[in-house]
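Below, each chain spelled out in residue letters.
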Amino acid sequence: MADQYAQTGEDKRPTEIPAIRWEEPPEGPVVVLLDQTRLPAEEVELVCTDAPALVEAVRSLAVRGAPLLGIAGAYGVALAAVRGYDVDDAANALAGARPTAVNLAVGVRRAQAAHRAALAGGGGARQAAEAALAAARALHREDAAASVGMAGHGLALLDELLPGGGHRILTHCNTGALVSGGEGTAFAVALAAHRAGRLRRLWVDETRPLLQGARLTAYEAARHDMAHTLLTDNAAGSLFAAGEVDAVLIGADRIAADGSVANKVGSYPLAVLARYHHVPFIVVAPVTTVDPQTPDGASIEVEQRPGYEVTEITAPRAPVAGAGGGIPMAPLGTQAYNPAFDVTPPELVTAIVTEKGAVSPVTAQALAEMCARPGQVAIG
């Protein structure tokens, strides 16, 4: 049986395609992904029969978003084990596919540890594979539950900071069901506000150069009938100056021990704008995104993406194609600076929200204490 997407909330969408699932057809187990590079024009699924196919899906951003990458990594290890491939080789390839998102390595190592423990306990290859798959499925369920917790804590924080409702929220990149085993991270908070009748407007940054906001967040907001407006990234300052933003909600790909936050490039300028305009800047992420082994923001490795993502734009059936398969938007030979992420220092972050609660102000001690809390607890 396939692992079904853990749908939560009131407005269930029976036609919605899960972002990831495990299936066991007669020809052997596979990991099935919704190809996010094809959205919103097409809902197309990728079928991965081995870890290398999943690694390519991760690198190409067919599957993306910190929590979902962790789930994909765990399923990738299980896939290698069930199909009889070298599990350690698969784990290493998967963990290194994207360097900034810590959840990817967390998911990979969790399934790998379960596999190794089963072998060390005297189990055979089949038992070890079953253990790896059980670990992946458990991570998938836990992430769905974490999404519910983040939504609740995040909405409570918004109501505390902005009493009266009518929230106008600015978000960056995509943080909904497409990045999660549940309904997402920052987007899940906005969705909770929408369901509670307290969301006035969701401002959606387009998120250059790959337009995850325009293609994916707007796609998810429309499916939930949320009031939303798309803007170019460089129009955000105009919104702040006009007093049209009540809070900024973003996700995270890695949170350092000191509270520094690595997120999709363009997040740091929003933090600076928010501070100047006295607007709360809130980061929403599961505790698996907090990396105590990374001491500070300077220690976070920032992934550099290919330059053609900036110099070209992808369009279907384009008559003229550049090196990356898109329409050239800059002269041939133009060099491009294309970091996938930037790092926001903790002093610019109003609060970090996880499934275990919220931390504000953000300090290394407060963050460590929150991560050590058992289970999901109320905001303290």
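Residues numbered from 1 in each chain as written. Predicted model: local features only at pLDDT ≥ 70, side-chain atom pairs only at ≥ 80, totals over all residues. Heavy atoms only, no water.

**Quick word on helix 9 (residues 267-276)**
Every buried residue belonging to helix 9 is among Ser 267, Leu 270, Ala 271 and Ala 274, and all of these are buried. Angular distribution of buried residues about the axis of helix 9 spans 105 degrees; they occupy a single face of the element. Immediately beyond the C-terminal end of helix 9, within one or two residues, lies His 278, with a positive phi of roughly 60 degrees. (Buried < 20%, exposed > 50% of the residue type's maximum accessible area, 1.4 Å probe, protein only. Helix = DSSP H or I, 4+ residues; strand = E, 2+ residues; numbered from the N terminus. Arc of directions from axis to C-beta.)

**As for empty space enclosed by the protein**
Tallying each qualifying case throughout the model produces four cavities of 30 Å³ or more. In this model, the largest cavity occupies a volume close to 170 Å³. In terms of lining, the largest cavity is formed by 21 residues, of which the most central are Arg 64, Gly 65, Ala 66, Asn 174 and Asp 253. For the lining of the largest cavity, the secondary structure elements donating two or more residues are helix 2 (66-82) and strand 9 (261-264). For the lining of the largest cavity, the class distribution of residues is nine nonpolar, eight polar and four charged. (1 Å grid on protein atoms, 1.4 Å probe; cavity = no way out; pocket = protein on both sides within 12 Å on 5 of 7 lines; lining within 4 Å. Points joined across faces, edges and corners; volume = space filled by probe spheres on them. Nonpolar A, V, L, I, M, F, W, Y, C, P; charged D, E, K, R; others polar.)

**Some remarks on the pattern of salt bridges**
All chains considered together, the criterion is met by 15 salt bridges. The closest approach of N and O atoms between Glu 23 and Arg 21, which form a salt bridge, is 2.7 Å. The class for Glu 23 is partly exposed, based on a relative accessible area of 24%. Two residues, Arg 223 and Glu 43, come together in a salt bridge whose shortest N-O distance is 3.2 Å. Taken together, the positions of Arg 223 in helix 7 (residues 212-223) and Glu 43 in the loop between strand 2 (30-34) and strand 3 (45-48) put the pair 180 residues apart, joining distant regions of the chain. Taking the relative accessible area as the measure of exposure, Glu 43 reaches 36% and is therefore partly exposed. The network of salt bridges with common partners includes Arg 98, Glu 303, Arg 305 and Glu 309. (Salt bridge = Lys/Arg side-chain N within 4 Å of Asp/Glu carboxyl O.)

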